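Single-letter residue listing:
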Amino acid sequence: VGAPTCLAFNVGCITSCACGYIGMKVAVYANVRTAHEAWLDLQKGFNVALRAGSVMGFCLVSLGVFVLFGLLVLFRGVLFSTDASDAEDLYEALAGYGLGGSSIALFGRVGGGIYTKAADVGADLSGKNEFGIDEDDPRNPACIADNVGDNVGDVAGMGADLFGSFAESTCAAFVIAGSSYKVADGIAGNYPATLFPLLMSSVGIIVGLVTMMVVGCFYKVNEVSKIESALKGVLNISTVLQTPAVIGLAYYVLPAKFALDEKFDNVTPEKCIASVLLGLWSGLVIGYATEYYTSHTYRPVREISETQRVSAATGIIYGLALGYLSCIVPTICIGITVAVAHTVAGMYGVALGALGMLGTVTMGLAIDVYGPISDNAGGIAEMSKLGADVRRKTDALDAAGNTTAAIGKGFAIGSAALVSLALFGAFTVRAKIESVDILDPWTFTGLLYGAMMPYAFSAMTMKSVGIAANDMVKECLAQLKEIFENNAKPNYERCIAISTDASLREMIAPGALVIISPLLGGVLFGKNCTAGMLSGALVSGVQLAVSMSNSGGAWDNAKKYIESGGLGPEHAKGSNAHKAAVIGDTVGDPLKDTSGPSLNIVVKLSAIMSLVFGSVIADYSGPTGGPFWLK
C-alpha cells in the first residue's frame, strides 16, 4: 500500500460522491416535472421519470470509465513503467480506486438507508395508522424527510453501490490479467487486450443510448397496464443489443490466444465471450425472477394480500417464505455463471462475468432511479392537491417503480456476488494462496465468522432503523396532536434533523465491522483465515440479501395492490386488510431499503479490503497460511 494506491483511493471516493450528487440533483429536478407531466399525460410523466433515471446511469458509467482510464494512463506513463513486469504492481495500486468507490457506497447505502427508512416508517405509523392521513399529506411532519430520504437512499445509495461494483470488477480483472506477465503469451504483455474490461463498459454506454432512442418505438405507455412492460422492455432491448456488441469487441481487441497463468494458458476470445454473455443473460433472468416475486401482477404478492385480510401476522409469514423461495433462481444463475466462467478462463472469467452482468448497468440504473422519482412525484402531487386522477397515475408509476427497484436490487446483488468472487481470486493471487482448504482449522474458523458477519451487520442496521423510527414516531405523534387540535404548522426541519442525526450516528458500527474484520482477521490469524472469512460472507450474504430485498418489495407491493382496490372495495384504504398491509410494509422497509441492499457492500468491501492489503496480510501469516505467532 503506497502513494499510488492512496491516490487511486481518493479519486475513487471523489468520483463516487460526484456520481451520487449528480444523480440526486437530477432526481430533485425530475420529481416535480414528472408530477406536472403526469397531470397532463401518463406517457409524458413516464418519459420524464425514465429519462431522468438514465442520466444517473450514463453519468455513473461514463465518469467511472473516464476517471479509471485517466488513472491508468497516469500510472502507466508516470508512476510505473510500461513494461509487462510492472503491470502487476500497477493494477494492484489501481485497486485502491475500487476500494474508494466501495467505501463511499457503504456510507451511502447504510446511512442513506437509515435516513430514508426512519422517515418512511415514522410517516407511515404516525400518519396512516394513528391519524388516518397519507404519508405524503402535507400535515404529516415526516413527509419532507421521507421524500428527501428516497433521493438519499435509493438514488445516491444505489448509484454508489453499482459504481463500486463496476470499479471493483474492472480492477479485479486488471489485477488477475496483470499477474500473467510471468508466463509466455501472458495478456499483461498486450496493453490493448488488458483494456477489454474497460472497453466493455464503454460499449455499454453506446448500447444504453441506442436503447433510450428506440424503446419508445416498441413500447407505448398509453395506459397503466403497460408501464411495467415498458420498463422491462428497456432491459430486454439493452441486453439484446449488448450481446453482439460484446462479441464484436472481443474479436477486435483480444488476441486469438493468450495465457493467464500456467493452468489457463490457452484462453481464446470465445471463452471470454462465453463468460461475459453468461453474466449478461443471467442478470436478465435474475431480473425477471425478481419481478415475479415482487410485482402484484403475479400470484406470490397477491397471495400475501389475501392473507392480510386475516391478519398482519399471516402476511408477514407469507412474505418471509416468499423471500426464501426467491433465492433459488438467482443462486442457480450465479452458480452456472461461476462454474462455466471459471472452467474456461479462471478467475478472469468470473470477473468478466461480473462485468457482463453490469454491461447494461446504464439501463439498469435508469429503471431503478425511475422508482424514487415516480414515488416523490406522487408525494408532490398529493401535497399540491392535483386531484385523484393525477395521484392514480403517479401511484401506477410508483407501483411499477417498486418492482423495477427490486429488479435493480437483484442486479446489484447478483453482480456483487460475482464481483466479490473475482476480488477473492485477485486476493489469492496477491496473498500467494495456492488453494483454499476448508479442512484447514484457520480457514474454517474464518468461514464461520464470515458467515456470521452479514447477520451481525443486518442486526445493527435494522436496530438502527428501529431506534430512529421510534424517535420519529414520537415526534410526529406529538406534532400531529398539536396540528389537529390547535391547527399548528408541521415542523419539517425537526423530522429531517432526526433522520440526519440517526444516519450519521448509526452507520459507524456497521461500517467498522466490515472494514476492520478482514484486515484484523488476516493480521492476527493469517491469510487462510481471511480467505475463509471472505468465502463465508459471500455465501451467506448473497442469500440473505436476496431474501430480505424480495420480502420487503413483496410486502410493499401487496400494500399497493390493496390500495388500488385489488381485493375489492370492502378491503381498500382504511380497512383492516390495509392496516395489516401497512404493518407488513413497515416491517419490510428496513429489509428492502437498508439491510438487504447494504449486504452487497459487505461482501464487496470486505473482499477489496483484503485485496488492497493482501501483501500486508501475507506478511503477517505463517509459512502454512496460519497465524504468524503460531510456531
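Keep in mind it's a predicted model, so treat the numbers as computed, not measured.

**A short note on the overall build of the protein chain**
Okay, so step 1: Within the protein chain, the regular secondary structure consists of 19 helices and zero strands.
Okay, so step 2: In terms of C-alpha radius of gyration, the protein chain reaches 24 Å, essentially the compact-globule figure of 25 Å for 631 residues.
Okay, so step 3: Seen through its principal axes, the protein chain has C-alpha atoms that stretch 80 × 60 × 40 Å.
Okay, so step 4: Taking the intrachain contacts of the protein chain between residues at least 6 apart in sequence as the baseline, contacts between residues at least 24 apart amount to 83%.
Okay, so step 5: Accessible area for the protein chain stands at about 22,100 Å²; split by element, carbon and sulfur atoms hold 65% of it.
Okay, so step 6: Positive and negative side-chain charges in the protein chain, numbering 40 and 52 respectively, have mean positions lying 3 Å apart.

**Points about the environment of P623**
Okay, so step 1: Inspection of the secondary structure puts P623 in the segment after helix 19 (614–619).
Okay, so step 2: C-alpha separation for the pair P623 and G526, spaced 97 residues apart in sequence, amounts to 9.6 Å.

**Notes on the packing of helix 7 (residues 227–253) against helix 13 (residues 388–430)**
Okay, so step 1: Packing of helix 7 against helix 13 brings their axes to within 9 Å, and their N-to-C directions diverge by 30°. Accordingly, the angle class assigned to the pair helix 7 and helix 13 is roughly parallel. Handedness of the crossing formed by helix 7 with helix 13: right-handed. Judged by residue contacts, I227, E228, L231 and L235 of helix 7 engage A396, L397, A400, T403, T404, I407 and F411 from helix 13.

**Overview of unusual backbone geometry**
Okay, so step 1: In this structure, K385 is a non-glycine residue whose phi angle is positive, near 55°.
Okay, so step 2: Inspection of the secondary structure assignment puts K385 in the loop between helix 12 (361–383) and helix 13.
Okay, so step 3: Of the residues examined, K385 reaches a relative accessible area of 68% and is grouped as exposed.
Okay, so step 4: Backbone geometry at K432 places phi at a positive 60°, although glycine is not the residue there.
Okay, so step 5: Considering the arrangement of structural elements, one finds K432 in the loop between helix 13 and helix 14 (441–486).

**A few points about the confidence of the model for the protein chain**
Okay, so step 1: Averaged over every residue, the pLDDT of the protein chain is 87; the share at 70 or more is 99%.
Okay, so step 2: Mean pLDDT in the protein chain bottoms out at helix 3 (residues 87–131), which sits at 81, and peaks at helix 10 (residues 312–325), which reaches 93.

**Some details on the pattern of salt bridges**
Okay, so step 1: Tallied over the entire structure, the rule returns 20 salt bridges.
Okay, so step 2: The salt bridge involving D589 is made with K117; its shortest N-O contact spans 3.5 Å. Here D589, found in helix 18 (residues 576–612), pairs with K117, found in helix 3; they are 472 residues apart in sequence, far enough to count as distant. One exposure class covers both D589 and K117, and it is buried.
Okay, so step 3: Notably, a salt bridge pairs K117 with D593, separated by 2.9 Å at the nearest N-O pair. Highlighted residues: K117 in helix 3 and D593 in helix 18, separated in sequence by 476 residues. Like D593, K117 is buried.

**Considerations on the nonpolar core**
Okay, so step 1: In this structure, F46, L50, Y97, F196, I227, Y348 and Y370 are the most contacted members of the largest nonpolar core, which totals 156 residues.
Okay, so step 2: Ranked by the residues each element gives to this core, the list is headed by helix 13, at 16 residues.
Okay, so step 3: Setting aside residues up to four positions removed in sequence, Y348 forms contacts with A173, I176, A177, I187, A193, F196, P197, L260 and C272.
Okay, so step 4: With eight residues, the next largest nonpolar core counts A119, A123, A142 and M472 among its residues.

**Focus: the environment of G359**
Okay, so step 1: Topologically, G359 is positioned in the loop between helix 11 (328–357) and helix 12.
Okay, so step 2: Accessibility expressed as a relative area gives 10% for G359, which makes it buried.
Okay, so step 3: Once residues within four sequence positions are removed from consideration, G359 is found in contact with G204 and Q242.

**Side note on the packing of helix 7 against helix 12**
Okay, so step 1: Across the interface, helix 7 lies against helix 12 with an axial gap of 9 Å and an inter-helix angle of 160°. The orientation of helix 7 relative to helix 12 falls into the category roughly antiparallel. Where helix 7 crosses over helix 12, the two elements pack in a sense that is left-handed. For the pair helix 7 and helix 12, contact is made by I227, L231, V234, L235 and S238 and by M363, G364, I367 and Y370, respectively.
Okay, so step 2: A breakdown of the residues in the contact of helix 7 with helix 12 according to their chemical character gives seven nonpolar, two polar and no charged.

**Things to note about the packing of aromatic side chains**
Okay, so step 1: In the structure shown here, the tally under the stated rule is nine aromatic pairs.
Okay, so step 2: Through a chain of ring-to-ring contacts, three or more aromatic side chains come together here, namely Y97, F163 and F166.
Okay, so step 3: When the ring centre of Y191 is taken as origin, the NZ or CZ atom of R76, which lies over that ring, is 3.6 Å away.

**Some points on helix 4 (residues 143–178)**
Okay, so step 1: Its 36 residues give helix 4 an end-to-end C-alpha distance of 51 Å, which sits within 8% of 52 Å, the value for a rise of 1.5 Å per residue.
Okay, so step 2: Across the 36 residues that make up helix 4, a large majority, 33, are buried.

**Some remarks on a nonpolar patch on the surface**
Okay, so step 1: Taken together, the side chains of I516, L520, L524, F525, Y620, F628, W629 and L630 make up a nonpolar region of the molecular surface, amounting to roughly 750 Å² of accessible area.
Okay, so step 2: Relative to the assigned elements, I516 resides in helix 16 (residues 508–525).

**Considering the side chain of H296**
Okay, so step 1: Mapping H296 onto the fold places it in the loop between helix 8 (269–294) and helix 9 (299–307).
Okay, so step 2: Those residues in contact with H296 that lie beyond four places of it in its chain are V301, R302, A399, N557, K560 and Y561.

Each value, and the rule that gives it
Residues numbered from 1 in each chain as written. Predicted model: local features only at pLDDT ≥ 70, side-chain atom pairs only at ≥ 80, totals over all residues. Heavy atoms only, no water. Helix = DSSP H or I, 4+ residues; strand = E, 2+ residues; numbered from the N terminus. Rg over C-alpha atoms; globule rule 2.2 N^0.38 Å. Contact = heavy atoms within 4.5 Å. Areas by Shrake-Rupley, 256 points an atom, 1.4 Å probe, with all protein chains shown as cover. Lys, Arg positive; Asp, Glu negative; His and termini not counted. Charge placed at Lys NZ, Arg CZ, Asp CG, Glu CD. Axes fitted to C-alpha atoms, helices over the stretch in contact; angles between N-to-C directions. Parallel < 35°, antiparallel > 145°, perpendicular 65-115°, else oblique. Left-handed = near helix turned anticlockwise from the far one by under 90°. Buried < 20%, exposed > 50% of the residue type's maximum accessible area, 1.4 Å probe, protein only. pLDDT = per-residue confidence, 0-100. Salt bridge = Lys/Arg side-chain N within 4 Å of Asp/Glu carboxyl O. Core = buried A, V, L, I, M, F, W, Y, C linked by side-chain atoms within 4.5 Å. Nonpolar A, V, L, I, M, F, W, Y, C, P; charged D, E, K, R; others polar. Phe/Tyr/Trp six-rings, centres within 6.5 Å; stacked < 30°, edge-to-face > 60°. Lys NZ or Arg CZ within 6 Å of the ring centre and 35° of its normal. Expected span 1.5 Å × (residues − 1). Patch = residues over 30% accessible without salt bridge, like charges linked within 9 Å, V, L, I, M, F, W, Y side chains within 5 Å.

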